Amino acid sequence: MARPRKVRRHRRRTPVGAPPGTLIVDPQSTRTTIGVFTYDGSRMAEEADAGVDAIAGLKGDLPVTWIDVQGLGDLEAIRRLGENFTLHHLAMEDVLNLHQRSKVEEYDDYLFIVTRMPADTPRSDTEQISMFLGHDFVLTFQERPGHVFDPIRSRIRGHKGRIRTSGPDYLAYALIDAVIDNYFPIIERSGEALEQLEDRVVAKAEPVLMGEIHDMKRDLLELRRAIWPQREMLNSLIRTESDLVTDTTKLYLRDCYDHTIQLMDMVETDREIALGLVDVYLSSLSNRMNEIMKVLTIFATVFMPLSFIAGFYGMNFDRGASPWNMPELGWYYGYPAAIAMMAIVAVVLIAYFRRRRWIGRET
Amino acid sequence: MARPRKVRRHRRRTPVGAPPGTLIVDPQSTRTTIGVFTYDGSRMAEEADAGVDAIAGLKGDLPVTWIDVQGLGDLEAIRRLGENFTLHHLAMEDVLNLHQRSKVEEYDDYLFIVTRMPADTPRSDTEQISMFLGHDFVLTFQERPGHVFDPIRSRIRGHKGRIRTSGPDYLAYALIDAVIDNYFPIIERSGEALEQLEDRVVAKAEPVLMGEIHDMKRDLLELRRAIWPQREMLNSLIRTESDLVTDTTKLYLRDCYDHTIQLMDMVETDREIALGLVDVYLSSLSNRMNEIMKVLTIFATVFMPLSFIAGFYGMNFDRGASPWNMPELGWYYGYPAAIAMMAIVAVVLIAYFRRRRWIGRET
Amino acid sequence: MARPRKVRRHRRRTPVGAPPGTLIVDPQSTRTTIGVFTYDGSRMAEEADAGVDAIAGLKGDLPVTWIDVQGLGDLEAIRRLGENFTLHHLAMEDVLNLHQRSKVEEYDDYLFIVTRMPADTPRSDTEQISMFLGHDFVLTFQERPGHVFDPIRSRIRGHKGRIRTSGPDYLAYALIDAVIDNYFPIIERSGEALEQLEDRVVAKAEPVLMGEIHDMKRDLLELRRAIWPQREMLNSLIRTESDLVTDTTKLYLRDCYDHTIQLMDMVETDREIALGLVDVYLSSLSNRMNEIMKVLTIFATVFMPLSFIAGFYGMNFDRGASPWNMPELGWYYGYPAAIAMMAIVAVVLIAYFRRRRWIGRET
Amino acid sequence: MARPRKVRRHRRRTPVGAPPGTLIVDPQSTRTTIGVFTYDGSRMAEEADAGVDAIAGLKGDLPVTWIDVQGLGDLEAIRRLGENFTLHHLAMEDVLNLHQRSKVEEYDDYLFIVTRMPADTPRSDTEQISMFLGHDFVLTFQERPGHVFDPIRSRIRGHKGRIRTSGPDYLAYALIDAVIDNYFPIIERSGEALEQLEDRVVAKAEPVLMGEIHDMKRDLLELRRAIWPQREMLNSLIRTESDLVTDTTKLYLRDCYDHTIQLMDMVETDREIALGLVDVYLSSLSNRMNEIMKVLTIFATVFMPLSFIAGFYGMNFDRGASPWNMPELGWYYGYPAAIAMMAIVAVVLIAYFRRRRWIGRET
Amino acid sequence: MARPRKVRRHRRRTPVGAPPGTLIVDPQSTRTTIGVFTYDGSRMAEEADAGVDAIAGLKGDLPVTWIDVQGLGDLEAIRRLGENFTLHHLAMEDVLNLHQRSKVEEYDDYLFIVTRMPADTPRSDTEQISMFLGHDFVLTFQERPGHVFDPIRSRIRGHKGRIRTSGPDYLAYALIDAVIDNYFPIIERSGEALEQLEDRVVAKAEPVLMGEIHDMKRDLLELRRAIWPQREMLNSLIRTESDLVTDTTKLYLRDCYDHTIQLMDMVETDREIALGLVDVYLSSLSNRMNEIMKVLTIFATVFMPLSFIAGFYGMNFDRGASPWNMPELGWYYGYPAAIAMMAIVAVVLIAYFRRRRWIGRET
């Protein structure tokens, strides 16, 4: 019954009582690489691993610059990036504090967006993606290098869809949409696991199943915790009065919002089904108990009278002392009569249990 | 205990990371046929299977044109329809993505309405119906050819009710109303199934019933998921400020809204009853266990003392060695006395169980 | 365990797909009689069974006319009434569709009010009462002739209270209040039944009780479904901006609203108690099981060692073959010693069970 | 298992269908006494049992007059009081209908306030206190004479606090505050009872406990039903736009409102704990069952093989007929060997149960 | 099963009926010490234990004065502090009434803030911290001297962060943030305890675990009760229109608000997991019962037929009286045949149980 335990989320790192805005790097953070894309409808420049200073030069030439920071190990580079873009230190603290809920915070010149992406781990962990959306840039921070944004990169490179002809808000939308899209396969996989669990629970109540139902419920709980704030985050973006998000992009964000509603719907339905499975499992256990008890009861009620009869004629009353003492033992057909009596008792009892349907269909 | 399993909804098809508005056809989609009705109070033209280009010619002559697309297999035709009516590509994507929740989206010149209809399958699946409502047209898309709109067609042909003298908004209402109406027989059938389940659960706790209760709860969950957004969708239509929906039609939509409330009411009541059935079932299991245990206990407690007495007089103490050794075996009435003792023990125990009501009414 | 089953509400009759406003009469409807009252503070005219045409003559002479239609069997008369009062066909459809939730709909010249009254049946069914409130008339439709409005009639006749000196809105209030008042005895009766059920469940867990708890929960569910919309209906009347309801009458409606709150309160409390009863019942079952098992265990654990001892001395080892073979059988006090050993074992075990409190207070 | 049953609240007395505002006295009502206080900062007059007419003379001389009616037996006096103060007949009906929820109703010249006070009965019944707050008077009605307002009386007499220098709204606040304060000891007592119940349930699952948990849940339900509307009532008073309540007094009412929040908090917490106790109790029952079954199983599995061996050597195969027939019986160490075999079986089984921890710690 | 019981919160001390604003000191309160900090960006004065009168001299010189009262034993000093700062007596009463929920109350010249801090006790008790925020001072009251504010003190002394250059609202924020921060380790510890509990419950259903789950649920309930109002309190501070809180500080308070949301999230998740544990535990109990019953049933069903056969051949029918009487006893291979029969029965039964999987994997 050994279960693969998930690593407990260690949720918050800034030491208790530290002044707000203290930047502290998770010692397990991976190396930082900074990718940069700048583009408009006709031109595009890409740098796979730029220095912090090089970015200052790149930004501003073309209408959209996307700085994509992967891995949060290099505190100094991140701190200087924050300074170059004059980002608020509270937001920068949140970038490094990898346990934020999804949210949007409006600052004067930019929006600070936090979203969470399902991680590659076997269980439903999530990674934090932080995003700054300015008038001519999008700055993203990922916990670990990963492939979630690859489709966006190839759409930029290949000039696919309307990404190259739109502003940074559309880029931000495309990135958020890619994150949200990643939940669908997760939830579908979890839904299939749930179906298999259902089939197994209905088929047979093995003790190991309750643990699996419990883990399933936990995973769905985590998924809900991850998706629910995405909905609020998208809602804030749709309702924002900031001119950083255009009405056209809001149309796309509404579509993205619909997807989170759909995700919530799927998770909630699965949660209710998982909850119902507990009842199915418990009733299944009771049924097995009933069956076990029936087997015992049938054996006991059949054999106890038989054993009694056998024991009865095993008594040692002295037939010589009195004609009243166990005369059956001396009868000519005494033994066959005893056997017949036993057979009748057994048949009657078995017929009784058959009539009560304890024997037959189920047992 | 083999249950007919429903096919798991594979809920979303656009590949993860594809640009929004990508039109991708479900490979299992059926052939596309496009029916067209144009009418006013006095005139009416009908075409059973029109080409996309023919529609351009039909539309606009009469105040209401209904283009009814059945089967979503012909991507090219659907794409061109979307272009001819200048429909937004996000809406067109939703038309083909058959797992939308019911909703209304307002665009400048038309409303995009999604609703879900109970499918003809044995279990409570639903089909998506997408609808565009413009100033002089209604454009509907159905997953599969079906008869849900037949009453509307015959009302148009037969000039029944006020459909021919009203605008496209009334037609849209009539179509939505036909969809909603189709839930009533579904829920009534499910309600009757629930009643039969209730009767069976109360009568006897068969192991197979828990699986049926679980399936019933799942079906009701799916129904609720389908109906709940209909309510929001109708509410949006009633509250819309768009001039596409007249106040008169809103009166009818309010009636339709009342029907969804009634549907929700029925589903919620049935859900609570189904939930209560779990308790009835579990208590029924416990009752059976109690009965089984009673049978065992009665047999065991009656026969164990009897067997003990029989075994007692089966002991082989040497009567010759001492007058203290089992003198009963040599008594004249020893054997009848032993039988009498057994009979008394049995009668006393049975009387005890009868007084405790373990024997009689129930067992 | 045969339970009197309630007839399942067949909830909606208009055929699926029929145009809205189709008037269809329930074939089980009773004969229609139309009573008419017209009155002001000094004059009053009453007609017990008026023709539809006669009503046209009566209406309008005095400030308040109450047309009271009982039984919905005469479709033609009802249709013509609707026309005479120029009532909307959607509202008229709802009058005949006897499965509406309580509601208020505002039309230009009248309010359409639906309320539900507890029926005379043993279980908690409800009847629909539809009401049109105009500037100088109240038109009510009852499913079946009944006595619910008798107190109002005698107050009109006897000039009791302020009914004769008030307008039609006060009459409508008085009628609604009479309907709401009828729920109190129903809920009090149900509350008393619940108390008796509580006492029985706490006293002894008979198998039949779970079915009764389930039925009780269903009945309370139905009551809640009937009362909840009354609250919304009254709230709409209190908040209406229509001049059909005066501020004075709203004061009375507020009182009536308080009563529905009180009703809901009683129903919800009873529902929670009924829900708690399930736990009491299940724990009671477990307790009985424990008691049964204790009886079995005490008997088994006492008699098994005794039977073993008896069986032990029933072994046939050949004492002649060896002095080691069962010398006890030849001892002078062998038999009394065996009896003493048995007695000691029994006493020790019984003392053990008494110390664990398995014997004594409970068993 | 006889429980002290509480008298069921007979909740409403006005006969069904009576005109609103009918004043009907509960026949069990106690004698009416009317106490009067009039005061300002410097002067004070008190009358312990004034006549209705005397009150007319007292009122108006000093800025605050408090008429305190205790016992509702004298319908005539109450009716005349209502007339003298020109109180609305609907409000007067509520004064006598002792089953109102707490509420505030605003009339032109006064506020009508209903609150409920915990009664002196052992179980959590409540008494109704009705209050009219005018510009220069407070008129209170209590079901039964009681001491709840004694502290207020002595504060008026002793000129303690700011009661003498404030208006009637402060007096009304002080009275409501006294009522609310009375819930604290009730809930604390109930909380202590709950703690004792917790300890007993965790210690040992006696059958009587489930009934007590159920009663506890009922009592908390009643308390919640009593306190919840107090909160709304106070909220209405704080938010009222009437000039009868000054801003200074609202500050005090806010404090009082905080107390009801605190009360609700305590009741809700206790309710959740009580709900959790059901699980603890049920699991405790299961644990006991497990223990009982273990005792049975250990005894049965140890003694059944032993008895079988004894029975085996009790067989009567004729050793003379064949050397194959039970030669063990004639062995020199046959009997000791049999005993040894039994001992080994017993030791092995007991070791097995000890290893599975069925024996030892728990049993 | 002795559990360390927590001391029941004795929740409210002002005697029932006392006039509002009565200052009463908890007799268990600790000695009062008053620390004072005054500072601006460049200067700072600190006094560890100031007299009430000395404070009057200190306040006002520098823009921020923090008076930090620890221990509430000295009623007179506290009363005079309240007078010196002209604080409302209702607020002062709440300072001493140590069972307030977190809240903000706005007075003309200051805000009164109550927050609750996790106490140092093993169980999840909380301590009350009251705070007055004025234009140039912050006045805090702590139940007991403690170290929660030490980081703030050292930040003031060390001129770390922006505390010295900000106003009293930032100081208030920093103090509240320090309080909120203290919940994180508490909840993480509780989360780890929950994980260990999960592992133990899944591993083995020991009776003691249910009590621990119950206590865990209680603790989480208390934590929720403590944190929930913090959220409202911070929300009030963020939305306040008072000029006592600047927009810059509100940005920090929003960050703090996010932390409480995160705390609630963690507590709610843990609560749901703890709730699910009850099901796991109960199913685990049922599983153990099943296993126990299987052991019993296997032993009983195997040995009962064997014992019957042995008993059967222990019957004493007189072989001399008839050739029909137990001829088997005289057969040459009678005894081996009986043994073979027993062996076959045993093997068949064991094979049966093995096929049903009662033996093998699980037992």
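Residues numbered from 1 in each chain as written. Chains lettered and ligands numbered in written order. Predicted model: local features only at pLDDT ≥ 70, side-chain atom pairs only at ≥ 80, totals over all residues.

**Concerning the sheet that holds strand β3 (residues 64-70) of chain D**
Residue and element names in this part refer to chain D. Quick reminder of the rule: Only strands that DSSP links by at least two bridges are regarded as paired with each other. Helix numbering and strand numbering both begin at the N terminus, where a helix is a DSSP run of H or I of at least 4 residues and a strand a DSSP run of E of at least 2. Here an axis means a line fitted to C-alpha atoms, over the contact stretch when the element is a helix, while the angle between two N-to-C directions is reported on a 0 to 180 degree scale. Once C-beta atoms have been placed from the backbone, residue pairs whose C-beta atoms lie within 7 Å are recorded as contacts.
The strand order across the open sheet built from seven strands is β2-β1-β3-β7-β6-β5-β4, with neighbouring strands paired in mixed fashion. Because the sheet does not close on itself, it has two edges, and the strands there are β2 (44-47) and β4 (103-106). When the angles between neighbouring strand axes are averaged without regard to direction, this sheet yields 15 degrees. Where strand β5 (residues 111-118) lies against strand β6 (residues 126-133), eight bridges are found, and the strand directions are antiparallel. From the neighbouring strand, Thr 115 faces β6, where its bridge partner is Ile 129. Against the sheet, helix α7 (residues 207-239) makes contact with β4, β5 and β6, and its axis sits at roughly 30 degrees relative to β4, the strand it touches most.

**So, the sheet that holds strand β2 (residues 44-47) of chain B**
Residues and elements named next belong to chain B. Pairing in this open sheet of seven strands is mixed, and the strands run β2-β1-β3-β7-β6-β5-β4 from one edge to the other. Either end of the sheet is taken by a strand with one partner, and the two such strands are β2 and β4 (103-106). Here the strands of the sheet are splayed against their neighbours by 15 degrees on average, with no regard to which way each runs. Here strand β1 (residues 33-39) pairs with strand β3 (residues 64-70) via seven bridges, running antiparallel. By the bridge assignment, Thr 33 is partnered in β3 with Gln 70. With respect to the sheet, helix α5 (residues 168-181) is in contact with β3, β5 (111-118), β6 (126-133) and β7 (137-142), its orientation differing from that of β6 by roughly 175 degrees.

**Digging into the domain arrangement of chain A**
Inclusion rule: The split into domains, and so the bounds of each, comes from an automatic or database assignment of domains.
With domains assigned, chain A is organised as domain 1 (33-282) and domain 2 (286-355). Placing a centre on the C-alpha atoms of domain 1 of chain A and another on those of domain 2 of chain A gives a separation of 75 Å.

**Examining the packing of helix α6 (residues 183-203) of chain C against helix α8 (residues 247-312) of chain C**
Residue and element names in this part refer to chain C. Here is the rule we go by: Angular relationships are summarised with four words: roughly parallel below 35 degrees, roughly antiparallel beyond 145, roughly perpendicular across 65 to 115, and oblique for the angles in between. Note: crossing handedness is left-handed where the near helix turns anticlockwise from the far helix by less than a right angle, and right-handed where it turns clockwise. Under the scheme applied, nonpolar residues are Ala, Val, Leu, Ile, Met, Phe, Trp, Tyr, Cys and Pro; charged residues are Asp, Glu, Lys and Arg; polar residues are all the others, including Gly.
In the contact formed by α6 and α8, the axes pass within 10 Å of each other and the chain directions differ by 15 degrees. Accordingly, the angle class assigned to the pair α6 and α8 is roughly parallel. Where α6 crosses over α8, the handedness of that crossing is left-handed. Between α6, through Tyr 183, Ile 187, Ser 190, Gly 191, Leu 194, Leu 197, Glu 198, Val 201 and Val 202, and α8, the contact on the second element is made entirely by Leu 263, Met 266, Val 267, Asp 270, Ile 273, Ala 274, Leu 277, Val 280, Tyr 281 and Ser 284. For the contact of α6 with α8, a count of residues per class yields 14 nonpolar, three polar and two charged.

**Let's talk about the packing of α5(B) against helix α8 (residues 247-312) of chain B**
Each packed pair of helices is defined by two parameters, the angle between the axes and the distance between the axes. Residue and element names in this part refer to chain B. The interhelical angle for the contact between α5 and α8, taken along N-to-C directions, is 10 degrees, at an axis separation of 10 Å. Considering the angle they form, α5 stands roughly parallel to α8. Where α5 approaches α8, its residues Asp 169, Tyr 170, Tyr 173, Ile 176, Asp 177 and Ile 180 are matched on the opposing element by Thr 249, Tyr 252, Leu 253, Cys 256, His 259 and Thr 260.

**Some thoughts on the relation of the copies chain C and chain B**
Using the following cut-off: Copy-to-copy alignment: least squares on C-alpha atoms, limited to residues at pLDDT 70 or above in both.
Here chain C sits on chain B after a turn of 72 degrees about the axis and a move of 0.1 Å along it, with an RMSD of 0.1 Å. On the angle and the small slide along the axis, the relation comes out as a five-fold axis.

**A closer look at the interface of chain C and chain B**
Taken together, the contact between chain C and chain B spans 48 residues of the former and 59 residues of the latter. Going through the elements one at a time, α7 (208-239), α8 and α9 (334-355) of chain C are the ones with two or more residues in the side of chain C that touches chain B. The greatest single-element share of the side of chain C that touches chain B, amounting to 17 residues, is contributed by α8(C). Tallied by class, residues from the side of chain C that touches chain B come to 30 nonpolar, nine polar and nine charged.

**Describing the pairing of strand β5 (residues 111-118) of chain C**
All names here are of chain C. Selection rule: The burial criterion counts other C-beta atoms lying within 10 Å of a residue's C-beta, which is placed from the backbone; the residue is buried at 20 or more, exposed at 12 or fewer, and partly exposed between these limits.
Taken across its eight residues, β5 has eight buried, putting it largely inside the fold. Where strand β4 (residues 103-106) and β5 come together, four bridges link them in antiparallel fashion. When the sheet's bridge partners are listed, Glu 106 is paired in β5 with Leu 111. Hairpin connection of β4 to β5: four residues between the antiparallel strands.

**A closer look at the confidence of the model for chain A**
Residues and elements named next belong to chain A. To be explicit about the condition: One confidence number per residue, pLDDT, is output by the predictor and ranges from 0 to 100.
Looking at chain A, the pLDDT average stands at 87 and 91% of residues meet or exceed 70. In this model residues 1-13 is a low-confidence stretch, pLDDT under 50, and it forms 21 contacts with partners more than four residues away in sequence or in other chains. What the predictor reports for the complex is a pTM of 0.85 with an ipTM of 0.80.

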